[in-house]
Amino acid sequence: MAWLHLFAADDPPGTSAVWGRLWPEAAQVLSDMGVPRAWAMTTESWMVQLLLQSGFENVGCVVAYGVRPYPSPRIGEVDAGISAMQEADLREVGELDRAAFSPPWQLDPDALGENRRRSDLAVVLRRESRIAGYLTAVRTSVGVHLSRIAVHPRHQGRGAGRRLLAYLLDFFHRQGAPIVTVNTQTENLRSQRLYREMGFSPIGGSFPVFRAQTAPIRR
């Protein structure tokens, strides 16, 4: 699968004319590469219309949460088993990511490596010498964004996610960050429940998610 990361057009000829030339060609290239699905997210109404007119369908929404960082009263206990993510960890982190997420939310090895390099915080939580979960976060213009958190299914419901979040909130509280934000899918009720339990609350609206098949285009 592939994500549509950017579309821009000058006026004239305008968004509709340019999209009408570019997207069919892009869909054909993706199809020739063996990529059957394309995904997109946007908050712009004009882009929503272009996507719907091109065969994309709305398949869900992403919601944003935020919290002011705060110190962990048990940071020594939270710290246990948490360490900086190393390049050597990426293979195991990738296996965990594929087990924890379904398409299109999985990251491939290249994307995981880039995510780690760009992060201001990238840590893993080990249990019994195996990586049970990981977390990455980046600084933004308004605070910190939790870009990724995942717990292996066999460790879910056992406090791993809470420990990673407690570590994150304590870490950036000590650095004076004003807010930590995170995005999650509306259908991911488990993650939303965890964020609320850790003090996060919804901020702003939702962001629709779209999907289209990249079937061969008849010429």
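Caption draft 1: Local environment of the environment of Gly55. As for its placement among the helices and strands, Gly55 is situated in the loop between helix 2 (45-53) and strand 3 (57-67). On a C-alpha basis, the gap between Gly55 and Thr214 in space is 9.5 Å, while along the polypeptide they are 159 residues apart. Each residue touching Gly55, except ones within four places of it in the same chain, is listed here: Arg211 and Ala212.

Caption draft 2: How the structure looks around helix 2. Among all positions of helix 2, only Met47, Val48, Leu50 and Leu51 are buried. The arc that holds the buried residues of helix 2, viewed along the axis, is 165°, so those residues lie on one side. Helix 2 presents Ser45 and Gln53 as exposed residues on the side facing more than 90 degrees away from its buried surface. Those residues of helix 2 hidden inside the fold are in contact with helix 1 (15-32), strand 2 (37-41) and strand 9 (201-213). Among the residues trailing helix 2, Gly55 stands out with phi positive, at a value near 95°.

Caption draft 3: Representation of the packing of aromatic side chains in the model. Scanning the entire structure with this criterion turns up ten aromatic pairs. Where Trp3 meets Trp39, the ring centres are 6.3 Å apart and the plane angle is 40°; that geometry is what we call tilted. Of this pair, Trp3 sits in strand 1 (residues 2-3) while Trp39 sits in strand 2, and the two are 36 residues apart along the sequence. Residue classification places Trp39 among the buried positions, given a relative accessible area of 6%. Ring centres of Trp19 and Trp23 lie 5.6 Å apart, and the angle between their planes is 5°; this geometry places the pair in the stacked category. Within this pair, Trp19 and its partner Trp23 are both found in helix 1, separated by four residues, close to a single helical turn. Here the aromatic cluster, defined as three or more aromatic residues joined through ring pairs, consists of Phe7, Trp19, Trp23, Trp46 and Phe56. The ring centre of Phe101 lies 4.2 Å from the NZ or CZ of Arg148, which sits over that ring.

Caption draft 4: Region of the structure containing the sheet that holds strand 6 (residues 130-139). If you trace the nine strands from one edge of the open sheet to the other, you get 1-2-9-3-8-7-6-5-4, paired in mixed fashion. Either end of the sheet is taken by a strand with one partner, and the two such strands are strand 1 and strand 4 (82-84). Looking at chain direction, strand 4 and strand 5 (residues 121-127) are connected through three bridges and run antiparallel. Of the residues in strand 5, the one forming a bridge with Ile82 is Leu125. Along the sheet face, helix 7 (residues 189-197) touches strand 3, strand 7 (144-151), strand 8 (180-185) and strand 9 and points at about 155° away from the line of strand 8.

Caption draft 5: View of the packing of helix 4 (residues 90-100) against helix 5 (residues 109-118). Taken N-terminus to C-terminus, the directions of helix 4 and helix 5 make an angle of 115°; their axes are 10 Å apart at the nearest point. Between helix 4 and helix 5, the angle falls in the class roughly perpendicular. Crossing of helix 4 against helix 5: the hand is right-handed. Side by side, helix 4 and helix 5 meet where Leu90, Val93, Gly94 and Asp97 of the first sit next to Leu112, Gly113 and Arg116 of the second. Here the contact of helix 4 with helix 5 is composed, by residue class, of three nonpolar, two polar and two charged.

Parameters at a glance
Residues numbered from 1 in each chain as written. Predicted model: local features only at pLDDT ≥ 70, side-chain atom pairs only at ≥ 80, totals over all residues. Heavy atoms only, no water. Helix = DSSP H or I, 4+ residues; strand = E, 2+ residues; numbered from the N terminus. Contact = heavy atoms within 4.5 Å. Buried < 20%, exposed > 50% of the residue type's maximum accessible area, 1.4 Å probe, protein only. Arc of directions from axis to C-beta. Phe/Tyr/Trp six-rings, centres within 6.5 Å; stacked < 30°, edge-to-face > 60°. Lys NZ or Arg CZ within 6 Å of the ring centre and 35° of its normal. Pairing = 2+ DSSP bridges. Axes fitted to C-alpha atoms, helices over the stretch in contact; angles between N-to-C directions. Parallel < 35°, antiparallel > 145°, perpendicular 65-115°, else oblique. Left-handed = near helix turned anticlockwise from the far one by under 90°. Nonpolar A, V, L, I, M, F, W, Y, C, P; charged D, E, K, R; others polar.

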